[in-house]
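# Understanding the architecture of this molecule
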Amino acid sequence: MDKTLQGYIDKLNSLNFKDMYEGDFFLTWEKSDDEIEALFTVADALRYMRENNISTKIFESGLGISIFRDNSTRTRFSFASACNLLGLEVQDLDEKKSQIAHGETVRETANMISFMADVIGIRDDMYIGKGNKYQHDVVDAVTEGYKDGVLEQKPTLVNLQCDIDHPTQCLADMLHIIHEFGGVENLKGKKVAMTWAYSPSYGKPLSVPQGVAGLFTRFGMDVVLAHPEGYDIMPEVEEVAKANAEKNGGSFTKTNSMEEAFKDADIVYPKSWAPFAAMEKRTDLYGKGDFDGIDKLEQELLAQNAKHKDWCCTEEMMAKTKDGKALYLHCLPADINNVSCEDGEVADTVFDRYRVPLYKQASFKPYIIAAMIVLAKCKNPQETLKKLEERGTVRRFQ
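Quantities reported herein were computed from a predicted structural model and do not represent experimental measurements.

All told, the structure shown has four cavities of 30 Å³ or more when counted by the stated rule. Its boundaries defined by the atoms lining it, the largest cavity holds a volume of some 70 Å³. Taken together, M20, G23, D24, F25, K31, T156, L157, V158, M372, I373, L375 and A376 make up the full set of residues lining the largest cavity. Contributing elements (two or more residues each) for the lining of the largest cavity: β4 (156-162) and α15 (365-377). Among the elements that make up the lining of the largest cavity, the one with the highest residue count is α15 (four residues). Split by residue class, the lining of the largest cavity holds eight nonpolar, two polar and two charged. By volume, the second largest cavity amounts to about 50 Å³. Surrounding the second largest cavity, S201, Y202, G203, K204, S272, W273, A274, P275, L301 and N305 form its lining. Counted by class, the lining of the second largest cavity contains five nonpolar, four polar and one charged residues.

Listed below in structure tokens is the structure:
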């Protein structure tokens, strides 16, 4: 048995994650510490096996269904890569081409796409109070279909981003941090600046800053949420972050100063998002079908954003961090000064200096998604990893 792979198996043997079997993944804070650690362990094991040319196909057939209600590059391809890594074929549901336009219900759609599906990945992040609920509605429908004998299996759901959390992104971010800092044991006391940054676009979801607040506080880190007045995130997520910090020996604080957040920070995550109150208003307008009102709100928010162009990750701002060498994170794509826009979230020189680490950060997402699927579909993932190695099927002939 390969010693590195055996190490991953030994780690899994020490953890309790049995409740993840045949389960779904909605929000990171709904999972236990052992379950999060198991997820990281399986992700690392799968990456190690692929890098060593060991096939990780646990399915001989089956579908991974993707439903993207918002645009996506990294998450869309990460989901496809994860499914392919495990042997699943991906089928994307284009709602404009489906019978949803003719009044097909969520219950009916969920069952019709799931006859041979093992996993459903959903991104629905545009409207407060809608995305996470839609994901739960889909799970309720396929659970009912399975119990009624319509479906041979209940597909597991993976939250590819909702209005509350972006678990695949934030877990990939954290696994990147763990590798960069040499282990979880080195994270306690590290300062994380999760800050708003200016963007010339409107309506970016709150799920990344909320996901960071809800996850990073579990590792004993000192998380600072910084934004201009009025750009608050969901109050209930702030409560989650406070409880996590108190439990794990870190801290969760808020400030209206980007400079204060960056001062002596070990990690910075400057990212634009729309104010929670504005997103609630947008949802109300959408519910009333008031699209003229949404257009008016968009112009108001663009004007509001423009008052805070100084909220930018510049070289001067980075110099305020720990030794001027904080790890810069972004979920991508970033609004880069003089590249994708005139004024944006980050200076072009800062982004270019961190470009390779940023791409490495993104590279963890396919393995995080694959690990979610493995833990939901394999009752004993330790045995699964062992059998994959014993089978010895190469991923590609060299």
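Having seen it, we continue.
Between helix α6 (residues 167-180) and α15, the least distance of the axes is 8 Å, while the angle of their chain directions is 115 degrees. Along this stretch, α6 crosses α15, giving a crossing that reads as right-handed. Of the residues in α15, those touching α6 at P167, T168, Q169, L171, A172 and L175 are K365, I368, I369 and M372. Per-class residue counts for the contact of α6 with α15 are seven nonpolar, two polar and one charged.

Here we come to a nonpolar patch on the surface. A cluster of nonpolar residues, M112, F115, M116 and V150, forms a patch on the protein surface that exposes about 410 Å² of accessible area. Looking at where M112 falls in the secondary structure, it is placed in helix α4 (residues 106-112).

With that out of the way, let us pick up the sheet that holds strand β5 (residues 191-195). Sheets are built from strands paired through backbone hydrogen bonds, the pairs being either parallel or antiparallel. Overall, parallel pairing links the five strands, which are arranged β7-β6-β5-β8-β9 in an open sheet. One side of each edge strand has no neighbouring strand; the edge strands of this open sheet are β7 (251-255) and β9 (327-328). With two bridges connecting them, strand β8 (residues 267-270) and β9 associate as parallel partners. Bridged to V268 within β9 is Y328. Sitting on the sheet, helix α7 (residues 207-216) is in contact with β5, β6 (222-226), β7 and β8, with an inclination near 160 degrees to β5. Seen against the sheet, helix α8 (residues 235-248) touches β6 and β7 and runs at an angle of roughly 140 degrees to β7.

Attention shifts here to helix α10 (residues 276-288). The end-to-end C-alpha distance of α10, which contains 13 residues, comes to 19 Å, matching closely the 18 Å that a straight helix rising 1.5 Å per residue would cover. Those residues of α10 hidden inside the fold are in contact with α8 and α11 (291-306). Note on α10: the residue one or two positions beyond its end, G289, has a positive phi of about 70 degrees.

This part is about the pattern of salt bridges. Pairs may arise between side chains of opposite charge once their charged atoms sit close together. A complete count under the given rule lists 17 salt bridges for this structure. With its nearest N and O atoms 2.9 Å apart, the salt bridge here joins K154 to D24. One end of the pair, K154, is in the loop between α5 (131-147) and β4; the other, D24, is in the loop between α1 (3-13) and α2 (33-51), and 130 residues separate them in sequence. With a relative accessible area of 16%, K154 lands in the buried category. Between D92 and R76 there is a salt bridge whose closest N-O contact spans 3.4 Å. Here D92, found in strand β2 (residues 89-92), pairs with R76, found in helix α3 (residues 74-86); they are 16 residues apart in sequence, far enough to count as distant. Judged by relative accessible area, D92 falls into the partly exposed class, the value being 32%. Taking relative accessible area as the criterion, R76 reaches 28% and is therefore assigned partly exposed.

Thresholds applied
- Residues numbered from 1 in each chain as written.
- Predicted model: local features only at pLDDT ≥ 70, side-chain atom pairs only at ≥ 80, totals over all residues.
- Heavy atoms only, no water.
- 1 Å grid on protein atoms, 1.4 Å probe; cavity = no way out; pocket = protein on both sides within 12 Å on 5 of 7 lines; lining within 4 Å.
- Points joined across faces, edges and corners; volume = space filled by probe spheres on them.
- Helix = DSSP H or I, 4+ residues; strand = E, 2+ residues; numbered from the N terminus.
- Nonpolar A, V, L, I, M, F, W, Y, C, P; charged D, E, K, R; others polar.
- Axes fitted to C-alpha atoms, helices over the stretch in contact; angles between N-to-C directions.
- Left-handed = near helix turned anticlockwise from the far one by under 90°.
- Contact = heavy atoms within 4.5 Å.
- Patch = residues over 30% accessible without salt bridge, like charges linked within 9 Å, V, L, I, M, F, W, Y side chains within 5 Å.
- Areas by Shrake-Rupley, 256 points an atom, 1.4 Å probe, with all protein chains shown as cover.
- Salt bridge = Lys/Arg side-chain N within 4 Å of Asp/Glu carboxyl O.
- Pairing = 2+ DSSP bridges.
- Expected span 1.5 Å × (residues − 1).
- Buried < 20%, exposed > 50% of the residue type's maximum accessible area, 1.4 Å probe, protein only.

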